[in-house]
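Observations on the model geometry
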Amino acid sequence: MVWQYLIVLAVLAAVFMLITGPLRAARHRRSDLGVTVADLEAARDAKYREIRDAEMDLRTGKLSEEDHREIDGALRAEAIEILHRLDEAQADAARERGTWDPSADARSSGGSELPSAP
């Protein structure tokens, strides 16, 4: 009698593990990357602030034109890298949810515009 309960319990545990496997795998993938969409959006916003701060420093005379060009180029290159990573993370998240539309990647810029240079 006890063996029958143990067998039923083992079968239920196996079914539970089988059903929740994809959910656990998605969580592990996300934690392996260590970066979420929210983290990348925060990094993007911070980089935009840095670009605007550099523009303000140029206008107030804290930076020379040459220094600004160098700093601005580096900041914009970093921002572009963040935007690429953000696009990839958003596409991965959409694929996991089953809402990914490959044609949307080609036609939308999704807020990927950098502040304009002075």
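Everything here concerns the structure above.
Residues numbered from 1 in each chain as written. Predicted model: local features only at pLDDT ≥ 70, side-chain atom pairs only at ≥ 80, totals over all residues. Heavy atoms only, no water.

Attention now goes to the packing of helix α2 (residues 37-59) against helix α3 (residues 65-97). For any two helices packed against each other, the geometry is given by the interaxial angle and the distance between the axes. Put simply, α2 and α3 touch, their axes get as near as 9 Å, and they point 165° apart. Relative to α3, the element α2 lies roughly antiparallel. Helix-helix and strand crossings are classified by hand; for α2 and α3 the assignment is left-handed. For the contact of α2 with α3, the residue count by class is 14 nonpolar, 2 polar and 10 charged. (Axes fitted to C-alpha atoms, helices over the stretch in contact; angles between N-to-C directions. Helix = DSSP H or I, 4+ residues; strand = E, 2+ residues; numbered from the N terminus. Parallel < 35°, antiparallel > 145°, perpendicular 65-115°, else oblique. Left-handed = near helix turned anticlockwise from the far one by under 90°. Nonpolar A, V, L, I, M, F, W, Y, C, P; charged D, E, K, R; others polar.)

Here the structure, examined in full by the defined rule, presents 8 salt bridges. The closest approach of N and O atoms between R59 and E55, which form a salt bridge, is 3.8 Å. Here R59 and its partner E55 are both found in helix α2, 4 residues apart, which amounts to about one turn of the helix. Since its relative accessible area comes to 57%, R59 is described here as exposed. Classification of E55 as buried rests on a relative accessible area of 7%. One salt bridge connects D72 with R76, and the closest N-O pair in it is separated by 2.8 Å. A residue pair is termed a helical-turn pair when its members lie 3 or 4 positions apart in one helix, as D72 and R76 do in helix α3 at 4 residues. A cluster of three or more residues bridged by salt bridges with shared partners is formed by E55, R59, D72 and R76. (Salt bridge = Lys/Arg side-chain N within 4 Å of Asp/Glu carboxyl O. Buried < 20%, exposed > 50% of the residue type's maximum accessible area, 1.4 Å probe, protein only.)

The buried category is assigned to D72, whose relative accessible area is 9%. Side chain to side chain, D72 and R76 meet in a polar contact 2.8 Å long. (Polar contact = N/O pair within 3.5 Å; in protein donor to acceptor, adjacent residues only side chain to side chain.)

On to α2, then. Along its 23 residues, α2 runs 33 Å from first to last C-alpha, staying within 8% of the 33 Å computed at 1.5 Å per residue. Within α2 the residues assigned to the buried category are L40, R44, K47, Y48, I51, A54, E55 and L58. Against the buried residues of α2 lie α3. Phi turns positive one or two residues past the end of α2, at G61, with a value near 90°. (Expected span 1.5 Å × (residues − 1). Contact = heavy atoms within 4.5 Å.)

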